[in-house]
Number of protein chains: 2
Amino acid sequence: MPKLSSAAIRERKDVIEDAARELFIKQGFHATSMRDISKRAEVSLGNLYNYYTTKDSIFESIIDRYLTVIDEVLRAIFAEIDEPLEPSNLRKLGESVGRLVNGHSDFWLLMYIDVLEFQNRHFRKMFDGITDRFRKIFGERFTEAEKRGDLRTGVDAAPVFTAAYMQFFNYFLVEKLFGGNQHLGLNDDQALNCLTKIFAYGTLSDKAMAQFKKTANRSMVG
Amino acid sequence: MPKLSSAAIRERKDVIEDAARELFIKQGFHATSMRDISKRAEVSLGNLYNYYTTKDSIFESIIDRYLTVIDEVLRAIFAEIDEPLEPSNLRKLGESVGRLVNGHSDFWLLMYIDVLEFQNRHFRKMFDGITDRFRKIFGERFTEAEKRGDLRTGVDAAPVFTAAYMQFFNYFLVEKLFGGNQHLGLNDDQALNCLTKIFAYGTLSDKAMAQFKKTANRSMVG
DNA sequence: GAATAAAAAACGGACGTTCATTTTTATTTA
DNA sequence: TAAATAAAAATGAACGTCCGTTTTTTATTC
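Residues numbered from 1 in each chain as written. Chains lettered and ligands numbered in written order. Predicted model: local features only at pLDDT ≥ 70, side-chain atom pairs only at ≥ 80, totals over all residues. Heavy atoms only, no water.

## Comments concerning the overall build of chain A
And then number 1: Helix and strand counts for chain A stand at ten helices and zero strands.
And then number 2: Its helices and strands in sequence order give chain A the pattern α-α-α-α-α-α-α-α-α-α, from N to C terminus.
And then number 3: The C-alpha atoms of chain A give 22 Å as radius of gyration, which overshoots the globular expectation for 222 residues (17 Å, by more than 25%).
And then number 4: In terms of principal-axis extent, the alpha carbons of chain A reach across some 75 × 35 × 30 Å.
And then number 5: Classification of the 222 residues of chain A by burial places 56% in the buried group. (Helix = DSSP H or I, 4+ residues; strand = E, 2+ residues; numbered from the N terminus. Rg over C-alpha atoms; globule rule 2.2 N^0.38 Å. Buried < 20%, exposed > 50% of the residue type's maximum accessible area, 1.4 Å probe, protein only.)

Here it is in structure tokens:
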């Protein structure tokens, strides 16, 4: 038999990785055996080792491919944001993150597997230096907004945007994977509004703001 | 040999559970064998089964005991908050959550194990109806603040407080378990300030606020 | 010596991986 | 075009190890 075309190989690997991913997600990495994978992928046990050297490498291959998909989705999400801290854009970010979390919830389960079984070796890059990355993507918009005086004095846009991004992420992850079922006491739509408003306008009235700032703001610089 | 006192039994179980917890955290539940546990606890393999019926039940026992500890810590944290949305109190909440996460990071790893291997069966209660619980704890303070006019119009204190609590939690978890290393581009102290300010004052200047509200606020009620 | 705890041995089964063998199929040959 | 070829792909039994649990044996205390 001549060598399979690389497209054919990729096809077969896709079948295997799809099966493995479904199993890893349903029952964890260590609880999934190579036999389980071979059965679900309808590939013989031994043949798995023609495509992967070890069980670990199947996991790594899944992650690698998935990371590039998520990367693309995120790039698309950020691409359609032209005014990062403007409320309606912020809300749109939240909606996009919601779709990302709900549409790829298996991916985030893989991340938890990675945290537990590989000390998050494969996913570290998702959060490492994330604020700097946002600064690179939106740096111009951030400084423009600052120049226009859109931002409260002392507010650095980059960590704020990161915080908003993380907040949306966490909200949907808790809802999807941790059994939050409306843990904010609101439906998704209302929750998005609530979170967006917080980031844009805060929660205190002007009166309370002035009052609190007067008494307790000496230690709050930064 | 006379029956061990229940205190002595508890002592031996503690040794076993400490060992098991350390191993579960370091290498996951399925990757940890009963032999591993017996070795680390310096208890014979067979003897483990005099204290627990199954490996699962060791995990459950660890969770049960830990949940009560965390519950007490949380109760103490909330007890010393007298003005939930006042900035310095909010920051204090963040500091407490930080200590909770960093001081008991193993507990949160167990939660991820639970998500992956037990569909979060044991931890669901941590997030389910959390906003209602805050409403019960702080309900009076919330309405008082509202009456005083401390809150921006349309702001419901309970979900906001929940969101702040979750945000702090998520921040420290990412830092501790996901390799965030200063993912907001700030040290912990600065990050707490930043997050607190967001929740209290928002990020937009009064000028931008007025402008954005005028154009895009029709769809943002809730 | 009766009762209990602890330790050790044993069990059947499942694990990740290897490997000798069989099957497949693109290319070469007729 | 059809048969032959040869290299790659696919197979599944087998290997040694480790698994969770059970059973048996030994030690300890009254």
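Back to the write-up after that little detour.
## Observations regarding the interface of chain B and chain A
And then number 1: Taken together, the contacts link 71 residues of chain B with 70 residues of chain A.
And then number 2: Buried area between chain B and chain A, both sides added, is near 6,500 Å², and the carbon and sulfur share of it is 61%.
And then number 3: Linking chain B to chain A there are two salt bridges.
And then number 4: With its nearest N and O atoms 3.7 Å apart, the salt bridge here joins Asp206(B) to Arg152(A).
And then number 5: Here chain B is connected to chain A by 24 residue pairs in polar contact (both at pLDDT 80 or more).
And then number 6: Within the residue set of the side of chain B that touches chain A, elements represented by two or more residues are helix 1 (6-27), helix 5 (87-103), helix 6 (105-118), helix 7 (130-148), helix 8 (157-177), helix 9 (188-201) and helix 10 (206-216) of chain B. (Contact = heavy atoms within 4.5 Å. Buried area = accessible area lost by both parts, 1.4 Å probe. Salt bridge = Lys/Arg side-chain N within 4 Å of Asp/Glu carboxyl O. Polar contact = N/O pair within 3.5 Å; in protein donor to acceptor, adjacent residues only side chain to side chain.)

## Here we look at the packing of aromatic side chains
Between two aromatic rings, the relevant description is the distance of the centres plus the angle of the planes.
And then number 1: For the structure on display, the rule yields 46 aromatic pairs over all chains.
And then number 2: Between Tyr165(B) and Phe169(B), the aromatic rings sit 5.1 Å apart at their centres with planes inclined by 70°, giving edge-to-face as the arrangement. Placement of the pair is Tyr165(B) and Phe169(B) together in helix 8, with a separation of four residues, close to one helical turn. Exposure class is identical for Tyr165(B) and Phe169(B). Each is buried.
And then number 3: Ring pairing ties together the aromatic residues Tyr66(A), Phe78(A), Phe107(A), Trp108(A), Phe123(A), Phe134(A), Phe138(A), Phe142(A), Phe161(A), Tyr165(A) and Phe169(A), which thus form one cluster.
And then number 4: The ring of Phe29(A) carries the charged tip of Lys55(A) above its face, separated from the ring centre by 4.6 Å. (Phe/Tyr/Trp six-rings, centres within 6.5 Å; stacked < 30°, edge-to-face > 60°. Lys NZ or Arg CZ within 6 Å of the ring centre and 35° of its normal.)

## Brief notes about the relation of the copies chain B and chain A
And then number 1: Least-squares fitting of chain B to chain A yields an RMSD of 0.2 Å, with the transformation described by 0.0 Å of translation along the axis and a rotation of 180°. This pairing of chains is accounted for by a two-fold axis. Nearest to the rotation axis, the C-alpha of Gly202(B) is located 1.8 Å from it, this being the minimum over chain B.
And then number 2: Taken as a fraction of all interface residues of chain B, those also at the interface in chain A reach 97%, which identifies the copy contact as same-surface. (Least-squares fit on C-alpha atoms with pLDDT ≥ 70 in both.)

## Thoughts on the packing of helix 8 (residues 157-177) of chain A against helix 8 of chain B
And then number 1: Remark: helix 8 of chain A packs on helix 8 of chain B, axes separated minimally by 10 Å, with the N-to-C direction vectors making an angle of 100°. Taken as axis vectors, helix 8 of chain A and helix 8 of chain B run roughly perpendicular relative to one another. Of helix 8 of chain B, the residues touching helix 8 of chain A (which contributes Ala163(A), Met166(A), Gln167(A), Asn170(A) and Val174(A)) are Ala163(B), Met166(B), Gln167(B), Asn170(B) and Val174(B).
And then number 2: Here the contact of helix 8 of chain A with helix 8 of chain B is built from residues that sort into six nonpolar, four polar and no charged. (Axes fitted to C-alpha atoms, helices over the stretch in contact; angles between N-to-C directions. Parallel < 35°, antiparallel > 145°, perpendicular 65-115°, else oblique. Nonpolar A, V, L, I, M, F, W, Y, C, P; charged D, E, K, R; others polar.)

## Thoughts on helix 1 of chain B
Residue and element names in this part refer to chain B.
And then number 1: Between the first and last C-alpha of helix 1 there are 31 Å, a value that for 22 residues agrees with the 32 Å anticipated at 1.5 Å per step.
And then number 2: Along helix 1, the positions that sit buried rather than exposed are Ala-8, Lys-13, Ile-16, Glu-17, Ala-19, Ala-20, Arg-21, Leu-23, Phe-24 and Ile-25.
And then number 3: Where the residues of helix 1 are buried, they touch helix 2 (34-41), helix 3 (45-51), helix 4 (55-79) and helix 6.
And then number 4: A positive backbone phi angle near 85° is found at Gly-28, which sits one or two residues after helix 1. (Expected span 1.5 Å × (residues − 1).)

## Details of the nonpolar core
And then number 1: Judged by nonpolar contacts, the single largest core of 160 residues is most densely connected at Trp108(A) and Trp108(B).
And then number 2: Leaving out residues up to four positions away in the same chain, Trp108(A) has contacts with Ile70(A), Leu100(A), Val101(A), Met126(A), Phe169(A), Leu173(A) and Leu177(A). (Core = buried A, V, L, I, M, F, W, Y, C linked by side-chain atoms within 4.5 Å.)

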